[in-house]
Amino acid sequence: MGFLALIDARIEINSVVMSTMCKKVTLPFTTDELETTTFGGSGWRTRIGGLKDAAVEFDWNQDFASSQTDALLWDLWDSGAVIPVNVRPTSASVGATNPEYQGNALPSQYQPFDASVGDLAGVSTKWPGSGAWARAVA
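A quick note: this is a predicted structure, and the numbers were derived from the prediction, not measured.

### Looking at the packing of aromatic side chains
Then, number 1: Considering all chains together, one arrives at seven aromatic pairs under this definition.
Then, number 2: Their ring planes at 40° and their centres at 4.9 Å tell us that Phe58 and Trp60 sit as a pair that is tilted.

Right, here's the structure in full:
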């Protein structure tokens, strides 16, 4: 598999497939940098990895109809619960060329309106990860 135009990503949140509502997904994974530099390092810094972290960021097309974007995101935020999130490049089955990133996130914020006059109604969410994430290929 070569390069990929991301046109068919699968976004599953709390067991609900929300791909048709989402227009952008970002999964930033980070590791704390712990400096281990000593006097014997010839003037070069050294580091090791510390705690890992994740977040999930989505840009959604807003829809206020029943069981659509607003209702689903409101319920996730309102519950205050950590929820499962699964994201993969295409809607095809999970495999070596279509890995699924799996983890939990806390819907800690929701802003139903973020638009100017004449804009397409949209909403962005950024939720912190909670616990370990995995990359599944089978």
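### Some words on the layout of surface pockets
If you roll a probe as big as a water molecule over the atoms, it shows you where there is empty space left.
Then, number 1: Considered as a void within the structure, the largest pocket measures approximately 190 Å³ in volume.
Then, number 2: Lining the largest pocket are Leu6, Ile7, Asp8, Ala9, Ile11, Ser19, Cys22, Lys23, Lys24 and Val25.
Then, number 3: Take the lining of the largest pocket: its biggest share by element is four residues, from strand E3 (residues 22-26).
Then, number 4: Here the lining of the largest pocket is composed, by residue class, of six nonpolar, one polar and three charged.

### Looking at unusual backbone geometry
Then, number 1: Look at Ser42: it is not a glycine, yet its phi comes out positive at around 55°.
Then, number 2: Turning to its location among the elements, Ser42 is positioned in the loop between strand E4 (29-35) and strand E5 (47-61).
Then, number 3: Judged by its relative accessible area of 67%, Ser42 falls in the exposed class.

### A short note on the pattern of salt bridges
Then, number 1: According to the stated counting rule, one finds five salt bridges in the structure shown.
Then, number 2: Residue Arg10 pairs with Glu12 through a salt bridge whose shortest N-O separation is 2.9 Å.

### Focus: helix H1 (residues 69-79)
Then, number 1: By the burial criterion, the buried members of H1 are Thr69, Asp70, Leu73 and Leu76. Viewed along the axis of H1, the buried residues span an arc of 140°, placing them on a single side of the element.

### Some details on the pairing of strand E1 (residues 10-13)
Then, number 1: Alignment of E1 against strand E6 (residues 83-88), held across four bridges, turns out to be antiparallel. Directly across from Ile13, in E6, lies its bridge partner Val85.
Then, number 2: Looking at chain direction, E1 and strand E2 (residues 16-17) are connected through two bridges and run antiparallel. Across the sheet, the residue bridging to Ile13 is Val16, located in E2.
Then, number 3: Taking the residues between adjacent antiparallel strands as the criterion, E1 and E2 are bridged by two residues, where Asn14 takes a positive phi near 55°.

### Describing the side chain of Gln62
Then, number 1: Along the polypeptide, Gln62 turns up in the loop between E5 and H1.
Then, number 2: Side-chain polar atoms of Gln62 contact the backbone oxygen of Pro112, separated by 2.9 Å.
Then, number 3: If sequence neighbours within four positions are ignored, Gln62 has contacts with Thr69, Asp70, Tyr110, Pro112, Ala121, Gly122 and Val123.

Reading the values: the criteria
- Residues numbered from 1 in each chain as written.
- Predicted model: local features only at pLDDT ≥ 70, side-chain atom pairs only at ≥ 80, totals over all residues.
- Heavy atoms only, no water.
- Phe/Tyr/Trp six-rings, centres within 6.5 Å; stacked < 30°, edge-to-face > 60°.
- 1 Å grid on protein atoms, 1.4 Å probe; cavity = no way out; pocket = protein on both sides within 12 Å on 5 of 7 lines; lining within 4 Å.
- Points joined across faces, edges and corners; volume = space filled by probe spheres on them.
- Helix = DSSP H or I, 4+ residues; strand = E, 2+ residues; numbered from the N terminus.
- Nonpolar A, V, L, I, M, F, W, Y, C, P; charged D, E, K, R; others polar.
- Buried < 20%, exposed > 50% of the residue type's maximum accessible area, 1.4 Å probe, protein only.
- Salt bridge = Lys/Arg side-chain N within 4 Å of Asp/Glu carboxyl O.
- Arc of directions from axis to C-beta.
- Pairing = 2+ DSSP bridges.
- Polar contact = N/O pair within 3.5 Å; in protein donor to acceptor, adjacent residues only side chain to side chain.
- Contact = heavy atoms within 4.5 Å.

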